[in-house]
Amino acid sequence: MVGLPFDCLSNPLGAVRFTFEKAISSGFNPATSDGKDWGAIKVFQECLFDEDHISQVPILDPLNISRIQPNSLVRFRGMVQDMLTNEFYVGAFKDGLSWRTNKFSDVSPFPMGSSSETRIWERRLLYCVPVPGQNSWAMESSSELVTTPCKDLISQHGEKRQREDDTAATTHMVLDSELQGSPLGSKRMREDGFPGQSSSLQDLITTDAFSKQREVPGFDPKSLPCLVKVYDSQESDLKLNDVFEFIGVFTYDPEFPVPMDSSDALDEDALVQLPPSNVPCLHCIVHRKLATHDFISKSTVIEAMPSLIRGIRESLLGYLTTVLGNDCLAAQCILLHLLSQVHARVDSAALGKLSVNLTGFVQESLSVFGNQLNVAIQNLMPISQTISLTIGYLNTASLSPKKDYETNRLVTGVLQLAEGTHLTVDETPLDVGTLDSTGVKNVELLKNLMELQKVEYDFEYYKIDMSADVQMLILSEGKSNILPADLVLPFRPSGIGSSVNAETEALQTWRWYLATLKTLPHDIDLDMQKVIEDDLVAARQEDRNLGSQDFSRLLTIARLLTVSFGETRLTLELWQMAKELERQRKDRLKREDRRRRYRVDLISVYAILLEDPLCEWIVEDDDEPLLPTYEEWPEELEENYQLKTRRSMSKEGTLLLLLTMISQKVLSFRSTCRQGCVPRHISEKSCVS
């Protein structure tokens, strides 16, 4: 152990060098170690996690960067947006008879002569950005436990054997590996001391570093990317688009710019590798992958008792029902949708996903219920994005990430999203138009993301399909023709809730519920497997059109329904509930199909005005539906309408006939109303109009 905990917090490089010298005295040989850890990481893990000092480590963000001192310990939460070429550096050298190390730093605190014995080590370079679409409450939860002010983290102890002469030169050597040629073919020398800290450090961040991120919807230009240098990590531990919390030494040197107009190849390579003058740098000592529950407030600790889980479920379902205009069926589907995630992949199929397409949205309903639903999702999910589809957007948007070989950078795309992101696609603005080649490609990208949970990355000479886990919700007027969702449900609101705002405590509880229950394991015992098999066989015999996708959807609904109650094993009761939910959804789809076939136009006018026995009246207090509803217009009525219009000599003749019949029927209608007969779904006002 390195003594007091603050040595690791306020003087991390001192702690690193202390453990290095201790390892040397115990027989550690830098000449043969190839940069492997000598015990420093274990010291920091014990200090941060075992002794619970991580809450005292400040978070690197735009608000704190101007107050954080160089070479202090910081945390950065972000998504791996690009993986840069590995970097070679002088990891160890001899100062006289003693070995020194430059690990976890950009500069050496000791003079390093040209004749010194050195060892070249390697580190990985990751370009990380704040998680695209991360909602404000999730950011607040990340920083709520940081109790130590940044100004208190100024080093309280000088570096061991630090030179007092400010003019003494310290040398840092970085060797950048090339894709072609010798890995040690280029060198970059720095002749300076520890970088000075500017009082306006936050304003000195180069805006070029943010130019590509601005293309992503919801990206905040004030957010802060970070160059993370990773040591002692397996290649498989860090993947593109994963979200990590990196804890390490913060460095930032705005006084070391890279000449933009230089023709020197070394400077061009330095620019590609993003030196500290472009973005702040973090030398990672400890890192951990983050999941959805890591964004939940630590103060929300709930015991997962079955009765308590059911109560939370009912309250959340009630909230979603209010948001969706008292459409309980839609609320149940959205609840299962929010609990879904990809839990396995079989061949090209992503198991566990449940995309939803809510139809029936027009501009008026979208402005009310669509906005309410988007706000609810932002309040419940830590990461969410929204895309509004138009012909122009599809023809111009950069959805797929693409490699730029001129800068050797991966240019981000709209669909480069972190695992667990919720994506709402608004199709209501989509109008008639022509898609060019870019538009067709973007439609294909969205379709593959929905069906396969994969996004194609364009590396110019080849393409790679990267796995994703994105919850997709489609809002459209009719069934989406370009994005085939797992669940298609006509949206049927019956009113606007008096209040859709929830209390903070309730929101925190629901967030915990969604984040915790979606990770529960799921199992089906042998008896239930037999029941399910028999039910699927019977359903197939009844309807030969049922296929594997229908059965897979039903099993996914059953799994998510089980999880929503906090259960890990499917029971007969839950299986029956899943079948009933699917039956209600299909019944609504059938009614919607009839509604579309017999849309209210001149057909409905004829149904009211013509002397047709199919159009009956509701008399007095009879509750039986006598007048056909929009979903139940009979085929004979449509044929009657078509026959009459075919007999008309012209459109003008049809209109004249219609107006004559209206004027005659209005008088009859008023007489009927006086006698107590009221037609269902119509009034005198609507008839006259």
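Here the structure is a predicted model, which is why all the values come from computation and not from measurement.

The rules behind the values
Residues numbered from 1 in each chain as written. Predicted model: local features only at pLDDT ≥ 70, side-chain atom pairs only at ≥ 80, totals over all residues. Heavy atoms only, no water. Helix = DSSP H or I, 4+ residues; strand = E, 2+ residues; numbered from the N terminus. Buried < 20%, exposed > 50% of the residue type's maximum accessible area, 1.4 Å probe, protein only. Contact = heavy atoms within 4.5 Å. Patch = residues over 30% accessible without salt bridge, like charges linked within 9 Å, V, L, I, M, F, W, Y side chains within 5 Å. Areas by Shrake-Rupley, 256 points an atom, 1.4 Å probe, with all protein chains shown as cover. Salt bridge = Lys/Arg side-chain N within 4 Å of Asp/Glu carboxyl O. Polar contact = N/O pair within 3.5 Å; in protein donor to acceptor, adjacent residues only side chain to side chain. Pairing = 2+ DSSP bridges. Axes fitted to C-alpha atoms, helices over the stretch in contact; angles between N-to-C directions. Parallel < 35°, antiparallel > 145°, perpendicular 65-115°, else oblique. Nonpolar A, V, L, I, M, F, W, Y, C, P; charged D, E, K, R; others polar. 1 Å grid on protein atoms, 1.4 Å probe; cavity = no way out; pocket = protein on both sides within 12 Å on 5 of 7 lines; lining within 4 Å. Points joined across faces, edges and corners; volume = space filled by probe spheres on them. Domains from an automatic or database assignment. Phe/Tyr/Trp six-rings, centres within 6.5 Å; stacked < 30°, edge-to-face > 60°. Lys NZ or Arg CZ within 6 Å of the ring centre and 35° of its normal. Core = buried A, V, L, I, M, F, W, Y, C linked by side-chain atoms within 4.5 Å. Disulfide = S-S within 2.5 Å.

(A) Region of the structure containing the overall build of the protein. Assigned secondary structure in the protein consists of 19 helices and 21 strands. Taken over 689 residues, the protein has a buried fraction of 49%. Considering only contacts in the protein between residues 6 or more positions apart, those separated by 24 or more positions represent 78%.

(B) Quick peek at a nonpolar patch on the surface. A cluster of nonpolar side chains, contributed by Tyr-405, Tyr-461, Tyr-462 and Ile-464, occupies part of the molecular surface with about 440 Å² of accessible area. Along the chain, Tyr-461 falls in the loop between β16 (454–458) and β17 (463–467).

(C) Structural detail: the environment of Arg-540. You can see Arg-540 is positioned in helix α13 (residues 526–542). On a C-alpha basis, the gap between Arg-540 and Phe-551 in space is 9.5 Å, while along the polypeptide they are eleven residues apart. Setting aside residues up to four positions removed in sequence, Arg-540 forms contacts with Asn-545, Leu-546 and Phe-551. Within the local environment of Arg-540, its side chain forms a polar contact with the backbone oxygen of Leu-546, the two atoms lying 2.5 Å apart.

(D) Focus on the sheet that holds strand β19 (residues 487–490). Here we have five strands laid out as an open sheet, ordered β12-β15-β18-β11-β19, and parallel in their pairing. A single partner strand is all that each edge strand has here, and the edge strands are β12 (384–388) and β19. Between one strand and the next, the sheet's axes are offset by a mean angle of 15°, whatever the strand orientation. Two elements, β12 and strand β15 (residues 422–426), share five bridges in a ladder whose sense is parallel. Its bridge partner being in β15, Gln-385 is matched across the sheet by Leu-423. Packed onto the sheet, helix α9 (residues 363–380) meets β11 (356–359), β12, β15 and β18 (471–475) and runs at close to 170° relative to β18.

(E) Geometry of the packing of helix α7 (residues 306–323) against α9. Look at α7 against α9: their axes get within 9 Å of each other, and the N-to-C directions meet at 150°. With respect to their mutual orientation, α7 and α9 come out roughly antiparallel. Of the residues in α9, those touching α7 at Leu-316, Tyr-319, Leu-320, Thr-322 and Val-323 are Phe-369, Gln-372, Leu-373, Ala-376, Asn-379 and Leu-380. Of the residues assigned to the contact of α7 with α9, the class counts are eight nonpolar, three polar and no charged.

(F) Spatial organisation of the layout of surface pockets. Considered as a void within the structure, the largest pocket measures approximately 1700 Å³ in volume. Every residue lining the largest pocket is counted, 49 residues in all, and those nearest its centre are Gln-549, Asp-550, Phe-551, Arg-553 and Glu-582. Sorting the residues of the lining of the largest pocket by element identifies β10 (349–351), α11 (437–452), β19, α13, α14 (548–564) and α15 (572–597) as the ones contributing at least two each. The greatest single-element share of the lining of the largest pocket, amounting to eleven residues, is contributed by α15. Residues that form the lining of the largest pocket fall into these classes: 19 nonpolar, ten polar and 20 charged. Of the domains in this structure, domain 2 (327–518) and domain 3 (520–608) are the two that each give at least three residues to the lining of the largest pocket.

(G) Fine view of the side chain of Asn-374. Of note, Asn-374 is situated in helix α9. Not counting residues within four places of it along the chain, the set of residues in contact with Asn-374 comprises Thr-386 and Thr-424.

(H) The arrangement of the pattern of salt bridges in detail. Under the counting rule described, the total for this entry stands at 27 salt bridges. One salt bridge connects Lys-229 with Asp-106, and the closest N-O pair in it is separated by 3.2 Å. Of the two residues, Lys-229 sits in strand β6 (residues 226–230) while Asp-106 sits in the loop between β2 (98–101) and β3 (118–129), which places them 123 residues apart along the sequence. Like Lys-229, the residue Asp-106 is buried in the burial classification. A salt bridge links Glu-580 to Arg-583, with the nearest nitrogen and oxygen atoms 2.5 Å apart. Highlighted residues: Glu-580 and Arg-583, both in helix α15, separated by three residues, approximately one helical turn. On the basis of relative accessible area, Glu-580 is assigned to the partly exposed category, the value being 32%. One salt-bridge network, in which partners are shared between bridges, spans Arg-75, Arg-77, Glu-245 and Arg-288.

(I) Spotlight on unusual backbone geometry. Unusually for a residue other than glycine, Asp-232 sits at a positive phi of about 50°. With respect to the helices and strands, the residue Asp-232 is situated in the loop between β6 and β7 (243–251). Within the chain, Asn-241 stands out as a residue other than glycine whose phi angle is a positive 75°. By the element assignment, Asn-241 lies in the loop between β6 and β7.

(J) The arrangement of the side chain of Ser-476 in detail. Counting through the fold element by element, Ser-476 comes out in the loop between β18 and β19. Of note is the side chain of Ser-476, whose polar atom sits 2.6 Å from the backbone oxygen of Gly-478. With residues near it in sequence (within four places) discarded, Ser-476 still touches Asn-357, Leu-358, Thr-359, Gly-360, Phe-361, Glu-427 and Thr-428.

(K) Looking closely at the packing of aromatic side chains. Within the structure shown, the criterion is met by 13 aromatic pairs. Between Tyr-319 and Trp-510, the aromatic rings sit 4.8 Å apart at their centres with planes inclined by 25°, giving stacked as the arrangement. Here Trp-510 lies in helix α12 (residues 504–517) and Tyr-319 lies in helix α7, a separation of 191 residues in the sequence. With a relative accessible area of 7%, Trp-510 lands in the buried category. By the ring-pair criterion, three or more aromatic residues cluster together here, those being Phe-20, Phe-28, Trp-38, Tyr-89, Phe-104, Trp-121 and Tyr-231. The ring of Phe-110 has Arg-100 sitting right over it, with the charged end atom 4.9 Å from the ring centre.

(L) Structural context of the nonpolar core. Leu-316, Ile-334, Leu-358, Leu-373, Leu-380, Tyr-513 and Leu-514 are the most contacted members of the largest nonpolar core, which totals 73 residues. The greatest single-element share of this core, amounting to nine residues, is contributed by helix α8 (residues 328–339). Residues contacting Leu-514, with those up to four places away along its chain left out, are Leu-316, Leu-335, Leu-338, Leu-339, Leu-380 and Met-381. Counting residues in hydrophobic clusters, the runner-up holds 45 residues, among them Cys-128, Leu-240, Ala-397 and Ala-485.

(M) The arrangement of the state of the cysteines in detail. Evaluated as defined, the whole model comprises zero disulfides. No disulfide involves Cys-8; its sulfur sits 4.2 Å from that of Cys-47, the nearest cysteine. Take Cys-8: its relative accessible area is 1%, and that puts it in the buried class. There is no disulfide at Cys-128, and the cysteine sulfur nearest it, in Cys-226, is 6.8 Å away.

(N) Main features of the pairing of β18. Extensive coverage of β18 is indicated by the burial of five of its five residues. Neither face of β18 is open: one carries Gln-471, Leu-473 and Leu-475, the other Met-472 and Ile-474, and all of them are buried. Sheet topology note: the β11/β18 ladder contains three bridges and is parallel. Paired with Leu-358 across the two strands is Leu-475, which belongs to β18.

Coordinates in, geometry out; function isn't part of it.
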